[in-house]
Amino acid sequence: MDKESSVKNRQQAIPALEPAIFVIFGITGDLAQKRLLPALYHLLKDNLLHEHTEIVGISRKEITPEKLLAGVELCVLEEDNVCDPATLERFRKALRMVQLDPVKKEDYDMLLTTLNGIETAHGMCMNRLYYLAIPPQVYEPVIQNLGVCGLQKGCQHHRAVSRLLVEKPFGYDLTSAEDLIKNTGRYFHEDQVFRIDHYLAKETVQNILFFRKHNPVFASLWDHEHISAIDIEMLERLDVKGRGEFYDNVGALRDVVQNHLMQLLALVTLELPAESADSLTLHKAKQVLLNAVQPIDMRKHAALRAQYVGYREAVGNLHSTTETYVRVRLDIANNRWQGVPITITAGKAMETKRTAITVTFVSADMPRMRNKLTFRLQPNEGIDIELTAKRPGYENKTEIVQMDFSYRGVLGNAEHPDAYERVLVDAVRGDHSLFATSQEILAAWRVLQPALDSWQQSSEDLLTYELGSNGPTT
Ligand code: BG6
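The following refers to the structure shown. (Residues numbered from 1 in each chain as written. Predicted model: local features only at pLDDT ≥ 70, side-chain atom pairs only at ≥ 80, totals over all residues. Heavy atoms only, no water.)

1. What to know about the site of the ligand
How we decide: Note on terminology: near, applied to a residue and a molecule or strand, indicates that one of the residue's heavy atoms is within 4 Å of it. Two N or O atoms form a polar contact when they lie within 3.5 Å of each other; inside protein one atom must be a possible hydrogen donor and the other a possible acceptor, and for residues adjacent in sequence the pair counts only when both atoms belong to side chains. Each accessible area value is a Shrake-Rupley result obtained with a 1.4 Å probe; residue values ignore everything except the protein chains displayed when judging cover. Helix numbering and strand numbering both begin at the N terminus, where a helix is a DSSP run of H or I of at least 4 residues and a strand a DSSP run of E of at least 2. Residues were grouped as follows: Ala, Val, Leu, Ile, Met, Phe, Trp, Tyr, Cys and Pro as nonpolar; Asp, Glu, Lys and Arg as charged; and all remaining residues, including Gly, as polar.
As a matter of local geometry, the ligand sits amid 13 residues, with Tyr 199, Glu 236, Asp 255, Lys 348 and Gln 378 nearest to it. Lys 202 places a polar side-chain atom, nitrogen or oxygen, 2.7 Å from an oxygen atom of the ligand. The contact in question runs from an oxygen atom of the ligand to an N or O atom on the side chain of Arg 243, over 2.8 Å. In the complex, the protein chains occlude 86% of the 400 Å² of accessible area that the ligand would expose alone. Of the residues forming the shell around the ligand, the biggest block, three residues, is contributed by helix α11 (residues 251-269). Looking at the shell around the ligand, its residues break down into three nonpolar, three polar and seven charged.

2. Let's talk about the sheet that holds strand β14 (residues 398-406)
The condition that has to hold: Any two strands are treated as partners once DSSP identifies two or more bridges connecting them. Angles shown run from 0 to 180 degrees and are taken between the N-to-C directions of axes, each axis being a line fitted to C-alpha atoms and, for helices, limited to the stretch in contact. Here a residue-residue contact requires only that any non-hydrogen atoms of the pair lie within 4.5 Å.
An order of β14-β13-β12-β11-β7-β10-β9-β8-β16 is seen for the nine strands of this open sheet, with the pairing classed as mixed. Whereas interior strands pair on both sides, the edge strands pair on one side only; in this sheet they are β14 and β16 (463-465). When strand polarity is set aside, the average angle formed by the axes of neighbouring strands in this sheet is 20°. Note that strand β8 (residues 303-308) and β16 share three bridges and pair parallel. Paired with Tyr 308 across the two strands is Tyr 465, which belongs to β16. Contacts from α11 reach β7 (227-235), β9 (325-330), β10 (342-347), β11 (354-362) and β12 (370-378), with the element oriented near 145° to β10.

3. Some remarks on the state of the cysteines
The condition is simple: Disulfide: a pair of cysteine sulfur atoms within 2.5 Å of each other. Each residue is assigned to one of three classes by its accessible area relative to the maximum for its type, calculated with a 1.4 Å probe on protein chains only: buried under 20%, partly exposed between the two thresholds, exposed over 50%.
In total, this model carries one disulfide according to the counting rule given. Disulfide partner of Cys 75: Cys 83, at an S-S distance of 1.7 Å. When the S-S torsion is 100°, as for the bridge of Cys 75 with Cys 83, the disulfide is right-handed. Relative accessible area serves as the criterion here: at 2%, Cys 75 is assigned to the buried category.

4. With respect to the sheet that holds strand β1 (residues 20-25)
Across the sheet, which stays open at both edges, the seven strands sit in the order β3-β2-β1-β4-β5-β6-β15 with mixed pairing between neighbours. Sheet topology places β3 (95-99) and β15 (435-436) at the edges, where each strand pairs with a single neighbour. Pairing analysis gives five bridges linking strand β2 (residues 53-59) to β3, with the strands arranged parallel. Bridging from a neighbouring strand, Gly 57 pairs with Met 97 of β3.

5. Considering the packing of helix α8 (residues 203-214) against α11
Let me state the cut-off plainly: Each angle receives one of four descriptions, namely roughly parallel if under 35 degrees, roughly antiparallel if over 145, roughly perpendicular if within 65 to 115, and oblique otherwise. Left-handed describes a crossing whose near helix is turned anticlockwise from the far helix by less than a right angle; the clockwise case is right-handed.
One can describe the packing of α8 onto α11 by two numbers: an axis separation of 9 Å at closest approach and a directional angle of 15°. Considered as vectors, α8 and α11 are oriented roughly parallel to each other. α8 and α11 meet at a crossing whose hand is right-handed. Contacts between α8 and α11 involve Val 205, Ile 208, Leu 209 and Arg 212 on the former and, on the latter, Leu 264, Leu 267, Val 268 and Thr 269. Considering only residue class, the contact of α8 with α11 consists of six nonpolar, one polar and one charged.

6. Points about α11
Under the convention used in this document: Take the residue count of a helix, subtract one, and multiply by 1.5 Å to get its expected span. To get the bend at a residue, fit one axis to the 7 residues ending there and another to the 7 starting there, then take the angle between the axes.
With 19 residues, α11 extends 26 Å from end C-alpha to end C-alpha; this agrees with the ideal 27 Å at 1.5 Å per step. Along α11, the largest kink reaches about 50° and is centred on Val 257. In terms of residue burial, α11 counts as a mostly covered element, since 19 of its 19 residues are buried.

7. As for the pattern of salt bridges
Stated precisely, the cut-off is as follows: By salt bridge we mean one thing: a side-chain nitrogen of Lys or Arg within 4 Å of a carboxyl oxygen of Asp or Glu.
Under the definition given, this model contains 21 salt bridges. When salt bridges that share partners are traced, they join Asp 297, Arg 299 and Lys 300 into one network.

8. Regarding the packing of α11 against helix α16 (residues 438-457)
The N-to-C vectors of α11 and α16 enclose an angle of 140°; their axes lie 10 Å apart at closest approach. By the angle between their axes, α11 is oblique relative to α16. As for how α11 packs across α16, the hand of that crossing is right-handed. Residue-level inspection shows Leu 253, Arg 254, Val 257, Gln 258, Met 262 and Gln 263 of α11 in contact with α16, the latter providing Glu 440, Ile 441, Ala 444, Trp 445, Val 447, Leu 448, Ala 451, Leu 452 and Trp 455. The residue inventory of the contact of α11 with α16, partitioned by class, reads eleven nonpolar, two polar and two charged.

9. A word on unusual backbone geometry
Residue Pro 169 follows Lys 168 across a cis peptide bond; omega there is 0°. On the secondary structure map, Pro 169 appears in the loop between β5 (162-167) and α7 (174-187). Residues Gln 378 and Pro 379 are joined by a peptide bond in cis, for which omega reads -15°. With a phi close to 50°, His 301 is a non-glycine residue in the positive phi region.

These results come straight from atomic positions and should not be treated as a statement about function.
Structure follows, in structure tokens:
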């Protein structure tokens, strides 16, 4: 499919969006600059947003839109990284900056006046999307001030909605997540809250349920009688450069396991809802599954953590015990999955980049033979299947062969939306399917909390590994 037709397809697939103001807290931060602004630019360029769309950047420091944009690689999602001058101009016009101290209530009154002013200038009510791309420690004061100053109420004529978009990590542990959810609920209805997990918006991740539903050959084998293990890995070559301060307060378990990887686990193992199921039914199925995952059993050493050599110097904290690598072994206590070991591994500064879910099939009659099905998220998104075949020749020797489907190979250059574009579009249209609910978040914390508790008591178990290696040798 050529580029033009794929843009047309996307335009047709998305129902017309409403006028909106994106209010980005933390616009000078890494996430906004690397992911959100390029995603907004790309959506504007493909005319996927309403013509009345504005972007309000919030920053503690005074900074002009020009200065902000000078430091952003806005067009990374474009072919050859080249910006279209007309879209660039439109983007510049849509962007304005507001200087605001998150803990100062009067600054929010001023923000409200700015938003009302934008609507007056456009002559219409516009949906307001407050995007918190800020460190989690600041969520609570921001949410409280938005609420106290009435910014959660929608536009001045009450004909549009306000939504809160929150980036993970949602809380620091189970108790703080419960508090955050409770405090958010004082001002924002659950319907207004969009907890972003950009993994859910990745094309390959959406394909997991689709694949499970539409391929009877696998659907009929999807249980403990046929599957002997499920492995979920997220190995990154990236270290924590540029994000040391954030990362040192978080670590691998909170950064990616509690959210992205637990969500992947849910999608691979949940009971499939009916074909026509809505977002609520899907969330219910995820929640039931996550509730069945047993809390990590630390007596069985089911969580291993490690830190790469040089990390402490990189983050400027010579006593840091933050893990940059983690491996946890989980069990699901339900009929379908009893006895199937689930392993989740995540690591920074690894030798190779690989994000994948591997499902290993065995048969009771042929325990030494196996097939593997892998959902490959990165690199080269796709699915591959390992089969056992006979090696050509006179002997009956077996060989593992691979059938490989890659999006790029099969679908050519057809564009699939960047995960953050999808997140933004779904939030504007109020579709919760690809966001995490408060109950899912709490269920995931419940599973991981024993590891956090045990790590807090002692750091004796913290292993090390070399930068650019395969992780700790255990
Ligand atoms: C983020 C984590 O949520 O996901 C980062 O905070 C990680 O540490 C990133 O690098 C990976 O995202 P992706 O889409 O590149 O796999």
